Each structure stands twice: as C-alpha cells, then as structure tokens.
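# Fold and contact review
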Amino acid sequence: MPSHKLIAGNWKMNGSLAENEALVRAIAAGMGEATCTVAVCAPALYLGQLQQLRAGSRLEAGAQDVSAHTQGAYTGEVSAKMLKEFGVRYAIVGHSERRQYHHESDALVADKAKAALASGITPIVCVGETLAEREAGKTEEVVKRQLAAVIHTNGHCISEVVVAYEPVWAIGTGKTATPEMAQQVHAVLRAQLKAATDHADRVHILYGGSMNAANAQALLAQPDIDGGLVGGASLKAADFLQIVAAAR
C-alpha cells in the first residue's frame, strides 16, 4: 500500500473568488503537520487564483477534467499542458457526472488519463457502478471494465495513476457504502492492478462516495482504502480538515 494517504477535494461547479479565498486560506492554515497529501480540485476558471492562494503551503492543486487532445480546434477544452502551467498536479478523469451528463466512454476516459500522464499530471481515474448495476450484481464487472480500458491504453504507466472508487448511488445522495462494502471493491481493484503492474502497491485507491467527517475514519481504516475523493465536505474547511486529520 502507499506509504501515505491522499485526500482530494472536488469542488464541482461551486465557488467564487471570495469563497475560494476564505476556504483555501482556512485549509492551508489548518493542515498543520498533516502526513497525508492534500489537494483541492477547482473549476478551471479558478486554477490561477488557487495557484496564488496555496503558494508557500503544502496544499496541491487539481483540475476537475482534462482534454484528451494536446491542442487545436477544440473550443471549450483545456489541455494538460495548460493545466501544468498553473501548477496542477492532479486531474480528475471519468467522474460519474462526466460519464452520465457528457456521455464520456471508457475509451475517452483512458485517453484523458494518457494525456494527463504525458504532461506530468496524475490522473484521478474514477470508476463506479449505478444503483441498478449494484442491485443486478454487476458491481465488480462494471468497475473492472472501466479500469481495464485505462490499463489497456496506458500500459506500464498505470502505476502512475490514482484510482477513485465512487459508487454512483452514493454520490450527493447522503448514502455511503459501508466500510466493508467499499473495501470489497477496493480489493478487487487492487487485484486488477497487481495483475497489470509490479508496482500496484504504490497506486492510491481512493473512496469517493459521500466521504464526510463522520465516516472518514472508519473508511480510511480499511486496508485497501488509501484516501478519499471528497465532494460536498470539501467545501467546508472544518469538515475537510477533519477528514485530513483522519488520514494521518
């Protein structure tokens, strides 16, 4: 397993210049001697502000998406090279909201991960099943299919990614997989990574289904849960810092 945990906040489409400043300053000040890596994934428009606000702190910057293309006539897209100029270390790819609302395929997600890696950005590859898929007993089949596409496209570089298991039915719903349920899927993903690379133990596998201040400690105590991709709780400094504290 990785030697330290990773806690990444996903602001989604939230924030303002004033709100961001208050939030980032509070997080940076409250991190203390946290032994885990801490990142916040902001809307692209705010990455310049985030770069300034986190200067001198150990807080890392993340993007919520990245283009599969390097450059060119792709209106509205943001390339990995552009993100890199703003000090971005992580980029979320394949979030369930992107898969659902923007119809992103497994192949596109794999290409986005490849583009991020090519520019030295660590992709946070999201996988997860819907409620219907879980009830049909297809959880393992779905997450393995989604991860397999990324492994196929990225080959030996797969050890450089972060994987986030986010059961779709637990995102923004207040529902959370029990620590045991989450661990079961994380173990499946770890085994799949071990079959693909000799360095699977250095891959962070995050839990991303409504992790909050109340359940973080129990989730993070599981052997194959190496951190969290945190949604709503990342918008409240006190809650986010409690999760960071649980990851020490």
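Everything discussed here concerns the structure shown above.
Just so it is clear, the model here is predicted, and its values are computed rather than measured.

### A look at the overall build of the chain
When helices and strands are tallied, the chain shows 10 helices and 8 strands. Computed over C-alpha atoms, the radius of gyration of the chain comes to 17 Å, within 12% of the 18 Å expected from 2.2 N^0.38 for 248 residues, which places it in the range of a compact globule. Principal axes of the C-alpha set define a box for the chain whose edges measure 45 × 45 × 35 Å. When each of the 248 residues of the chain is scored for burial, the buried share is 51%.

### Looking at the pairing of strand β2 (residues 37-42)
Across the 6 residues of β2, 6 count as buried, placing the element largely inside the fold. Across 5 bridges, strand β1 (residues 6-10) lies against β2 in parallel orientation. Looking at β2, one finds that Gly9 is bridged to Val40. One ladder, built from 4 bridges, connects β2 with strand β3 (residues 60-63); its direction is parallel.

### Side note on the packing of helix α1 (residues 17-30) against helix α10 (residues 237-246)
Running from N to C, α1 and α10 point in directions that differ by 30°, and their axes come no closer than 9 Å. As summarised for this structure, α1 and α10 are arranged roughly parallel, according to the angle between their axes. Crossing of α1 over α10 shows right-handed handedness. Side by side, α1 and α10 meet where Leu23, Ala26, Ile27 and Gly30 of the first sit next to Ala237, Phe240 and Leu241 of the second. A per-class count over the contact of α1 with α10 returns 6 nonpolar, 1 polar and no charged.

### Focus: unusual backbone geometry
Residue His103 is not a glycine yet carries a positive backbone phi of 55°. Structurally, His103 is set in the loop between α4 (96-101) and α5 (106-118). In this structure His103 comes out as exposed when scored by relative accessible area, which is 67%. Although it is not a glycine, Ser210 sits at a positive phi angle of roughly 60°.

### Some words on α1
Across its 14 residues, α1 extends 20 Å between first and last C-alpha, which sits within 8% of the 20 Å expected from 1.5 Å per residue. Residues of α1 that are buried: Asn20, Leu23, Val24 and Ile27. One side of α1 carries all its buried residues, which in axial view fall inside an arc of 95°. Structural note: α1 exposes Ala18, Ala22 and Ala29 on the side pointing more than 90 degrees away from its buried face. In this structure, the buried side of α1 is in contact with β2, α2 (47-53) and α10.

Criteria and thresholds
- Residues numbered from 1 in each chain as written.
- Predicted model: local features only at pLDDT ≥ 70, side-chain atom pairs only at ≥ 80, totals over all residues.
- Heavy atoms only, no water.
- Helix = DSSP H or I, 4+ residues; strand = E, 2+ residues; numbered from the N terminus.
- Rg over C-alpha atoms; globule rule 2.2 N^0.38 Å.
- Buried < 20%, exposed > 50% of the residue type's maximum accessible area, 1.4 Å probe, protein only.
- Pairing = 2+ DSSP bridges.
- Axes fitted to C-alpha atoms, helices over the stretch in contact; angles between N-to-C directions.
- Parallel < 35°, antiparallel > 145°, perpendicular 65-115°, else oblique.
- Left-handed = near helix turned anticlockwise from the far one by under 90°.
- Contact = heavy atoms within 4.5 Å.
- Nonpolar A, V, L, I, M, F, W, Y, C, P; charged D, E, K, R; others polar.
- Expected span 1.5 Å × (residues − 1).
- Arc of directions from axis to C-beta.

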